[in-house]
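# Observations on chain architecture
In case you want the letters, here they are:
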Amino acid sequence: MPDRRRDVRERWDRVGGREFRSLRAGRRHGDAPDVVLVPGLGALGYLVDTLDACGGRTTAHLLDVPGFGHRAARVCPAGIDAVAGAVRGWIDEVPSAPVVLVGHSTGAQAALHVAAARPDLVRSLVLLGPTFPPEQRGVKKLVRAFVRNFLHESPALVPATVPDYLRGGPAEITRFIRSAQHDAPEDVIEEVRCPVLLARGEHDAFAPQPWVDRLAAAARDARSEVVGGAHTFPFRRGEATARLILG
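Basis of the calculations
- Residues numbered from 1 in each chain as written.
- Predicted model: local features only at pLDDT ≥ 70, side-chain atom pairs only at ≥ 80, totals over all residues.
- Heavy atoms only, no water.
- Axes fitted to C-alpha atoms, helices over the stretch in contact; angles between N-to-C directions.
- Helix = DSSP H or I, 4+ residues; strand = E, 2+ residues; numbered from the N terminus.
- Parallel < 35°, antiparallel > 145°, perpendicular 65-115°, else oblique.
- Left-handed = near helix turned anticlockwise from the far one by under 90°.
- Contact = heavy atoms within 4.5 Å.
- Disulfide = S-S within 2.5 Å.
- Expected span 1.5 Å × (residues − 1).
- Buried < 20%, exposed > 50% of the residue type's maximum accessible area, 1.4 Å probe, protein only.
- Pairing = 2+ DSSP bridges.
- Right-handed = clockwise from strand over helix to strand, strands pointing away.

To continue, consider the packing of helix α2 (residues 80-93) against helix α3 (residues 106-117). It is at 8 Å that the axes of α2 and α3 come closest, and there the two elements cross at 55°. As far as their axial angle goes, α3 and α2 are oblique. Once α2 is placed against α3, the crossing between them reads as right-handed. Of α3, the residues touching α2 (which contributes I80, D81, V83, A84, V87, R88 and I91) are T106, Q109, A110, H113, V114 and A117.

Encoded structure:
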């Protein structure tokens, strides 16, 4: 069942000369750091329950990057480097840093770049379903992974993600995927100084266990967890995902 939502609010901030949209929940409790969520492939809907649950413990933000969540929200091109730059600029200007930075899927790749480039902005890093292992950096094996993973996803995920994908458009989505395939998280994670948590769903074909183990071994300070579900395991598991993030 979906988690009961508290008070998720839309927010616009001017960052780098552009209007940057985000969703926000909760408020800060004591010295608890803000939580910043970076979605995969620009789709926000499947992470709203997680945002809401994190908001029960601190101030939490879900960033609309590259801007598929609203027709007026485009803040950067669809690509790992561009998204990382936009996220870095937003954290530098808007919340109380350092933050707990959480990325899912391609958002995990972008979050890695932020943590590596600006360690002063990130207290700890959470990588949920990090993509893509080297064997998926070609078309055929990526398609096979998609089919294997899709068999374990909820049908309700479609209305939670497809509207954002349609706003992005097939050309931008394709460009985003290709940029993720050209990225090398196994090299970037070596530069991250803060503690790292890696988590994958037990049926996640995009983040197979050997890949997660490789990333954890390359990091200076990392641990990994396996949870129920497939690649988009946070969907409708907001409370459990929030406990993982803030635990």
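This is not the end of the story, as more comes after the structure.
In this structure, D13 sits in strand β1 (residues 9-15). Here D13 is in contact with R18, E19, F20, S22, W90 and V94, once residues within four sequence places are set aside.

With that settled, consider the state of the cysteines. Should the sulfur atoms of two cysteines be covalently bonded, the bond is a disulfide. Across all of its chains, the model carries 0 disulfides by this definition. Of the cysteine sulfurs around C194, a residue in no disulfide, the closest is that of C54, at 16 Å.

Helix length check: helix α6 (residues 170-181), at 12 residues, gives a terminal C-alpha distance of 16 Å against a target of 16 Å (1.5 Å per residue), a fit within 8%. Those residues of α6 that sit buried are E172, I173, F176, A180 and Q181. Where α6 is buried, its residues meet α2, α3, α4 (139-150) and α5 (157-168).

So, on to the pairing of strand β7 (residues 196-201). Taken across its 6 residues, β7 has 6 buried, putting it largely inside the fold. Burial along β7 is two-sided: the face carrying V196, L198 and R200 and the face carrying L197, A199 and G201 are both buried. With 4 bridges joining them, strand β6 (residues 122-128) and β7 adopt parallel strand pairing. Paired with L127 across the two strands is L198, which belongs to β7. Two elements, β7 and strand β8 (residues 222-227), share 6 bridges in a ladder whose sense is parallel. Paired with A199 across the bridge in β8 is E225. Considered for its hand, the β-α-β crossover made up of β7, helix α8 (residues 209-218) and β8 is right-handed.

Let us look at the pairing of strand β2 (residues 18-25). For a regular strand, the rule is simple: side chains alternate between the two faces of the sheet. Relative to β2, β1 runs antiparallel, the two being bridged by 7 bridges. Its bridge partner being in β2, R9 is matched across the sheet by R24. The antiparallel hairpin formed by β1 and β2 contains 2 residues in its connecting segment, where G16 sits at a positive phi of about 60°. As judged from the 4 bridges shared by β2 and strand β4 (residues 60-63), these two strands associate in the antiparallel manner. Bridging across to β4, L23 finds its partner in L62.

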